Amino acid sequence: ALIKGLSKIPTHQKRTVYLCQLLIRIEKGKNLECHFENDPRISPLESALSFWTLLEREEVKLEKLHEDIRCLIQIQIVAVHMENGYFKEAAEVLERLFTDSETDKPLRVKLATVIKSKDPYVPLLQSFSYNLLTSKIKSYIELFMKENETNFLIQAATKQVQSKGLGATALQNESVNVNENHKRNLKTKQRFVLSIIQLRDMLGQKLTTSTFSIFKFWLFYGCLNSLQNTEKHGNALACGRRRQRWTYKEDLELKSGIREFGVGNWAKILVHGDFNNRTSVMLKDRWRTL
């Protein structure tokens, strides 16, 4: 969005930008001294509501969740002002929040009554709390992440390959009579090849040394994670019926490797240690258990 401008990026990336803006404002939602808009009257949550509206416009399949979160943000905008003793400001916010539509009228009337009571601990505000708001937003984020879990570098590389017709024969020239584990390995290799092609094409652009180094590291790290995940899943299938117990000797090897190479350097520890059919992921999981 910074490079191309918000208007020129794909819809799913716009949603990511809007979601980041929303989360920043939700995190600061109870701090009325914090301002994201030029108008100092606009609280962080009121600003967050505008980005939630933008997110709602980008999708239509989560209507119930959208409605719940919108309602919770509106209630908490009023609640936060009341908790800070700003009852006059809470009434002004109410005027800005709601239109004259019949759909909004029940909630608008209830909140107006709450403001008149000048009691921030009424059941309505307690039932639709800030914790409930953050919980609902977390649910939305989990759905968003599940929908957009594919690495964007791989997506970009795939598009690059498809547009130039590169690597199609090599990547598809595999026997169909392969087991599921082999398919996963093949898919990981394909992703790696696609990413390398994208990297090669980027070499033609003007990249600074530091930018290129960061890109290479990011690409390598993403591919390494994919390979480790494949290795982990493959091993889980192979040992599904009988889980291999860790021996006392292996635990000693793991502790020795951590003393020498440090926590997190699982690949080095695996290479230099004496382990029985273990993977770096297994070492990490075992260390967490210990």
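Throughout this document, residue positions are counted from 1 along each chain, in the order its sequence is written. Per-residue local features of the predicted model are confined to residues with pLDDT of at least 70, and side-chain atom pairs are confined, for both listing and counting, to 80 or more; whole-chain, interface and lining totals are unaffected and use all residues. With hydrogens and water excluded, all non-hydrogen atoms of the structure serve as input to the side-chain values.

Enquirer: Looking at this model, I keep getting lost on the overall build of the chain. Mind explaining?
Expert: Within the chain, the regular secondary structure consists of 14 helices and 0 strands. Each helix is a run of H or I in the DSSP string that is no shorter than four residues. Each strand is a run of E no shorter than two, and both are numbered from the N terminus. In the chain, the succession of α and β elements from N to C terminus is α-α-α-α-α-α-α-α-α-α-α-α-α-α. Evaluated residue by residue, the chain yields a buried proportion of 32% over its 290 residues. The long-range fraction of contacts in the chain, counting pairs at least 24 apart against all pairs at least 6 apart in sequence, stands at 63%. Here's how the labels work: a residue is buried when its accessible area is under 20% of the maximum for its type, exposed when over 50%, partly exposed in between, all with a 1.4 Å probe on protein chains only. Note on definitions: a residue-residue contact is assigned when non-hydrogen atoms from the two residues lie within 4.5 Å.

Enquirer: Whenever I open this one, the nonpolar core confuses me. Can you help?
Expert: Among soluble globular proteins, nonpolar side chains are generally buried collectively. In terms of nonpolar packing, the biggest core is built from 38 residues, with Leu22, Leu111 and Leu133 touching the most fellow members. For this core, the secondary-structure elements that each account for two or more residues are helix H1 (11–27), helix H2 (44–58), helix H3 (63–83), helix H4 (87–97), helix H5 (105–117), helix H6 (123–127) and helix H7 (130–147). Top element by residues in this core is H3. It accounts for 10 residues. Residues in contact with Leu22, not counting those within four places in the same chain, are Ala48, Phe51, Trp52, Leu55 and Ile73. If you look at the next biggest cluster of nonpolar residues, it comprises 8 residues, including Trp246, Ile258, Trp266 and Met282. We call a set of buried Ala, Val, Leu, Ile, Met, Phe, Trp, Tyr and Cys residues a nonpolar core when their side-chain atoms join them within 4.5 Å.

Enquirer: Got a minute to help me understand the side chain of Ser43 in this structure?
Expert: You can see Ser43 is positioned in the loop between H1 and H2. When near neighbours in sequence (up to four residues on either side) are disregarded, Ser43 contacts Leu32, Ile77 and His81.

Enquirer: For this particular structure, what's the right way to read the pattern of salt bridges?
Expert: Any carboxyl oxygen of Asp or Glu that lies within 4 Å of a side-chain nitrogen of Lys or Arg is treated as forming a salt bridge with it. Applying the stated rule across the entire model yields 11 salt bridges. For the salt bridge of Glu56 with Arg70, the shortest nitrogen-to-oxygen distance reads 2.8 Å. Residue Glu56 is located in helix H2, and its partner Arg70 is located in helix H3; the two are separated by 14 residues in the primary sequence. Note on Arg70: relative accessible area 23%, which makes it partly exposed. Among the ionic pairs, Asp274 bridges to Lys249, the shortest N-O distance being 3.1 Å. Note that Asp274 is positioned in the loop between helix H13 (266–272) and helix H14 (280–289) and Lys249 in helix H12 (residues 248–261), a separation of 25 residues in sequence. What you see here is one network of salt bridges that share partners, running through Lys64, Asp68 and Lys136.

Enquirer: Sorry if this is basic, but what is going on with H1 here?
Expert: Residues that lie three or four places apart on an α-helix share one face, since the helix turns once every 3.6 residues. How far a helix is expected to stretch is found by multiplying one less than its residue total by 1.5 Å. For H1, which comprises 17 residues, the first-to-last C-alpha distance of 24 Å matches the rise-based estimate of 24 Å (1.5 Å per residue) to within 8%. Listed as buried for H1 are Arg15, Tyr18, Leu19, Leu22, Arg25 and Ile26. Considered in projection along H1, the buried side chains sweep an arc of 125° and stay on one side of the axis. Contacts from the buried residues of H1 go to H2, H3 and H7. The arc in question is the one spanned by the directions pointing from the helix axis to the C-beta atoms.

Enquirer: Would you mind showing me how to read the packing of aromatic side chains here?
Expert: Here the distance between the centres and the angle between the planes together describe a pair of aromatic rings. Any two of the Phe, Tyr and Trp rings considered here, Trp counted by its six-membered ring, make a pair once their centres fall within 6.5 Å; the pair's planes then place it as stacked at under 30 degrees, edge-to-face at over 60, or tilted in between. Within the structure shown, the criterion is met by 3 aromatic pairs. Ring geometry for Tyr18 versus Phe51: centroids 6.4 Å apart, planes at 50°, classification tilted. With Tyr18 in helix H1 and Phe51 in helix H2, this residue pair connects regions lying 33 residues apart in the sequence. Overall, Tyr18 belongs to the buried group, its relative accessible area being 8%. We classify Phe51 as buried; its relative accessible area is 15%. A ring pair is formed by Trp52 and Tyr140, whose centres lie 5.0 Å apart and whose planes are at 75°; its orientation type is edge-to-face. Of this pair, Trp52 sits in helix H2 while Tyr140 sits in helix H7; the two residues are 88 residues apart in sequence, bridging distant segments of the chain. On the basis of relative accessible area, Trp52 is assigned to the buried category, the value being 0%. Residue class for Tyr140 comes out buried when judged on its relative accessible area of 1%.

Enquirer: I'm lost on the confidence of the model for the chain in this one. Help?
Expert: Scored by pLDDT, the chain has a mean of 77; 66% of the residues are at 70 or more. Residue-level confidence of the predictor, termed pLDDT, takes values from 0 up to 100. The low-confidence segment residues 236–241 (pLDDT under 50) makes 1 contact with residues lying over four places distant or belonging to another chain.

Enquirer: I tried to follow H7 on my own but got confused; where do I start?
Expert: Taking 1.5 Å of rise per residue, 18 residues should cover 26 Å, and H7 covers 26 Å from first to last C-alpha, within 8% of that figure. All of the buried residues in H7 are Tyr130, Leu133, Ile137, Tyr140 and Phe144. All buried residues of H7 fall inside an arc of 85° around its axis, so they share one side. In H7, the exposed positions angled more than 90 degrees off the buried face are occupied by Asn131, Lys138 and Lys146. In this structure, the buried residues of H7 make contact with H1, H2 and H3.

Enquirer: What exactly am I supposed to notice about the packing of H3 against H7 here?
Expert: Helices that pack against each other are described as a pair by the angle of their axes relative to one another and the distance between those axes. Working convention: axes come from line fits to C-alpha atoms, limited for helices to the stretch in contact. Angles between N-to-C directions cover 0 to 180 degrees. Orientation of H3 relative to H7, taken along the N-to-C sense of each, is 150°, at an axis distance of 9 Å. Every pair of crossing elements has a handedness; the one defined by H3 and H7 is left-handed. Contacts between H3 and H7 involve Leu65, His66, Asp68, Ile69, Leu72, Ile73, Gln76 and Val80 from the first element and Tyr130, Leu132, Leu133, Lys136, Ile137, Tyr140 and Leu143 from the second. Amino acids are sorted into nonpolar (Ala, Val, Leu, Ile, Met, Phe, Trp, Tyr, Cys and Pro), charged (Asp, Glu, Lys and Arg) and polar (every other residue, Gly among them). Looking at the contact of H3 with H7 residue by residue, the classes come out as 11 nonpolar, 2 polar and 2 charged. Each helix crossing is assigned a hand: it is left-handed if the near helix lies turned anticlockwise from the far helix by less than a right angle, otherwise right-handed if that turn is clockwise.

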